[in-house]
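Next come the chains, spelled out residue by residue.
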Amino acid sequence: MRRLGGLLARWEALLVLFLIAAFAFGAVASPYFLAGSNISIAIAGAMPGAIVALPMTLVIICGEIDISVGSITGLCAAAMAVCLEHGLPIGAAMPVGLAVGTLAGLFNGAMVAYAGLPSLVVTIGTLALYRGIAQIMLEERGVSDFPEWYQSMGFGTIGNTPVPWCLLIFAVLLIGFAVFLHGTYWGRGLFAIGNNREAARFSGIDVRRSILGVFAASGAMCAVAAVVLTAYLASARADTATGLALPVITAVVLGGVDIFGGSGSMGGVLLAIFVLAFVQNALGLAGVKPEEQQIVTGAVLIATLALFGASRFVRARAGVLWRTRLAR
Amino acid sequence: MSASGTAGLASQGFAAESALARLRRVRELGLVLALLLICLCVTLRAPRFLNGANLEQVALSATLVCIVSLGQALVIIARQIDLSVGAMVAISAFATADWLEHFPKTRIVFALLFGMGVGGALGAGNALLVAVARIPAIVATLATLAIYRGAAIALAGGRQISATVLPGDYQHLAQIHVADAPLLVWIAVLLTLLFGWAARYTRTGRNLYALGSSPESARLAGINEPGHLAFVFILSGLLCGLVGVLWGARFGTVDAVIAPDLHLQSISAVVVGGVSIFGGSGSVYGAALGAVIFAVLQNGVELFGINQFWLEAVIGAAILGTVLLYTVLARRAERAEREQSRSGLGR
């Protein structure tokens, strides 16, 4: 584990370099990149994904995966839109969205933890199911008349600084998740579950409840992301947040979390989120369309995994040669 | 089908079938019964269903998903998954249509080979990531899904190629009838029979089941894991390439955003068709039946006048429901088998 910890520290240093490189790339790509208004848009645009990346880190550390995050976010957006259509004030619609998201996450968690189904197929199924329910509820319609204060949550900034409000929401959640993951019994139990589920179970860790909890957290954070995203876009539709899973998983993996579970850190994920945010912003300024930007996201995901896979391969061979005991 | 589960009983000299083998036979029969039942329900509510022209439409709409599901079935049997199928179909469809637009004198055979070549190359990309770089298939194909789709969009540049600019015999591909059934349906049926036979009676096919059943044991038995994984992903790509070429013929227009949910449709067809998501069991015939079931369901939704938006939710519920059902049944069968073997040893 310490060897893995050493590797992670070096990876986070590398991420800082990537962040600097992303800034350099952005500055070269466009003269507007370094403007305060652009920085705040870049950050605000990445916040919904960032918020979902927090519980996704926990899910992947457990050795599971959640591909349905985009659909849960869309479902929450649709639920809130339906509430608004029926005349409910936005203040009442938001708790409804939160409840819907948490329930959706609990369903995922129950299927994985208690029915024992693999998270891959459960979340593929709920990806379709939740998106379908959102479409049934909202069909082709969209809601876009949100109050001023709501929209400022999406892309409004604090005073004259380039700091968007949603960054504050994210910061609070980040601290909560980071403290949970690295500082509490339950959080560290997730690393044990990801490393060796049976051993964790025999150590007295309640594996089922932990897994249920991380999926529920994923659903709840999708609801928060739905609020921020609809505020940012000033629109709530049934196809909101389609394809959210890819950039979120890329951010988590780029942050140094092992895709097989058992190791990673919130700090790395934080850095990775910002690297991706600025790279995508720079690409957008350079004229690359959003549908084409996913090529870069996919390539980053593959490159990171190939890199980690290669280092694992090299260490395994080195371990055999030097007869050292390995962490994995 | 899978070799697991029967070896232990052979050592006890049981002549009777194991509980798991019985489960598998029930699965295929159950699918045919389910299909007939659904057809019956749809006919009762909307007799137009049995109309010759309607049945032909159902068969045609099942065809393309069925062919992709054949590849997806083998991938899932090998304990992998391929999420990039829709994007691979889109690229090969657009590339082939583009080629035919610029070289209308091309013979159809060469167009098919070209499309399959494009698909195979894309599948080789997946194969490289999974078999060589050892990236888990779920994230590898999630990434290639994005890369290939983005590439398709960049390639197309917003263009749509409609059948009017394509050579006549290309469009006729979708209209040729052999013995009253469309050519496309014959292609799908023949491919299903071919792959169904090959999965069971060739060494490569059985190796895929072994890999899916227990990769460790398969490796120790000397099965070339990277080779077989590469094979199955390239095969999936080839089939997607074929479907890409047929897509333009069937639907008339091709652009970069076709087949957006093909990965969901093919996975649900495969899962409903009885292929275990854990790998190692199930059959290609089941996947084909699953594709037909979904085509019938979709047709039913259209005939009943139900909102089309229900379809995606139905697909999701079907995936979850069948996986849950099969897992519960499989666990019960395993427990029964364990009890059988325990009592057989006289404890």
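Keep in mind that what you see is a predicted model, and the values were worked out from it rather than measured.

Scanning chain A from terminus to terminus reveals 13 helices and two strands. Taking 2.2 N^0.38 as the reference for a compact globule, 328 residues should give roughly 20 Å; the C-alpha atoms of chain A span a radius of gyration of 20 Å, in line with that estimate. With the C-alpha coordinates aligned to their principal axes, the bounding extent of chain A is approximately 65 × 50 × 30 Å. Of all 328 residues assigned to chain A, the portion counted as buried reaches 54%. Considering only contacts within chain A whose residues lie at least 6 apart along the sequence, 78% involve residues at least 24 apart. As displayed, chain A has an accessible area near 13500 Å², and 68% of this comes from carbon and sulfur atoms.

Moving on to the confidence of the model for chain B. Looking at chain B as a whole, the pLDDT averages 86, with 92% of positions reaching at least 70. Confidence over residues 8-16 of chain B falls short of pLDDT 50; this stretch has five contacts with residues more than four positions distant or in other chains.

Tracing the backbone shows Gln 293 of chain A in helix H13 (residues 290-322). Overall, Gln 293 of chain A belongs to the buried group, its relative accessible area being 10%.

All names here are of chain B. Helix length check: helix H13 (residues 284-304), at 21 residues, gives a terminal C-alpha distance of 30 Å against a target of 30 Å (1.5 Å per residue), a fit within 8%. By the criterion of burial, H13 is predominantly enclosed, with 15 of the 21 residues buried. Gly 305 lies just past H13 and shows a positive phi near 80°.

Okay, the interface of chain B and chain A next. Interfaces are often described in size by the accessible area the parts lose on coming together. Each side of the interface is counted separately: chain B has 34 residues, and chain A has 39 residues. Roughly 3200 Å² of surface becomes buried between chain B and chain A when both sides are summed, with 83% attributable to carbon and sulfur atoms. One can count zero salt bridges joining chain B with chain A. On inspection of chain B and its partner chain A, the count reaches one residue pair in polar contact (both at pLDDT 80 or more).

Take the environment of Ile 153 of chain B next. With respect to the helices and strands, Ile 153 of chain B occurs in helix H6 (residues 137-156). Assessed through its relative accessible area of 11%, Ile 153 of chain B is described here as buried. Remark: the alpha-carbon pair of Ile 153 of chain B and Ala 87 of chain B, spanning 66 residues in sequence, is separated by 9.8 Å. Excluding residues that lie within four positions of it along the chain, Ile 153 of chain B makes contacts with Lys 289, Glu 291, Glu 292 and Gln 294 of chain A together with Gly 158 and Ala 256 of chain B.

For the rest of this paragraph, the subject is the packing of aromatic side chains. Applying the stated criterion across every chain, the model contains 13 aromatic pairs over all chains. Note on Trp 99 of chain B and Phe 114 of chain B: the rings are 4.9 Å apart at their centroids and 25° apart in plane angle, and the pair reads as stacked. Of the two residues, Trp 99 of chain B sits in helix H4 (residues 85-102) while Phe 114 of chain B sits in helix H5 (residues 108-132), which places them 15 residues apart along the sequence. The positively charged end of Arg 201 of chain A is found above the aromatic ring belonging to Phe 202 of chain A, 5.1 Å away from the centroid. The ring centre of Phe 304 of chain B lies 4.8 Å from the NZ or CZ of Arg 45 of chain B, which sits over that ring.

Core analysis: the largest hydrophobic core is formed by 221 residues, its most contacted members being Met 47, Phe 170, Ile 249 and Phe 278 of chain A together with Val 89 of chain B. Of the residues forming this core, the biggest block, 16 residues, is contributed by helix H10 (residues 207-233) of chain A.

Conventions and cut-offs
- Residues numbered from 1 in each chain as written.
- Chains lettered and ligands numbered in written order.
- Predicted model: local features only at pLDDT ≥ 70, side-chain atom pairs only at ≥ 80, totals over all residues.
- Heavy atoms only, no water.
- Helix = DSSP H or I, 4+ residues; strand = E, 2+ residues; numbered from the N terminus.
- Rg over C-alpha atoms; globule rule 2.2 N^0.38 Å.
- Buried < 20%, exposed > 50% of the residue type's maximum accessible area, 1.4 Å probe, protein only.
- Contact = heavy atoms within 4.5 Å.
- Areas by Shrake-Rupley, 256 points an atom, 1.4 Å probe, with all protein chains shown as cover.
- pLDDT = per-residue confidence, 0-100.
- Expected span 1.5 Å × (residues − 1).
- Buried area = accessible area lost by both parts, 1.4 Å probe.
- Salt bridge = Lys/Arg side-chain N within 4 Å of Asp/Glu carboxyl O.
- Polar contact = N/O pair within 3.5 Å; in protein donor to acceptor, adjacent residues only side chain to side chain.
- Phe/Tyr/Trp six-rings, centres within 6.5 Å; stacked < 30°, edge-to-face > 60°.
- Lys NZ or Arg CZ within 6 Å of the ring centre and 35° of its normal.
- Core = buried A, V, L, I, M, F, W, Y, C linked by side-chain atoms within 4.5 Å.

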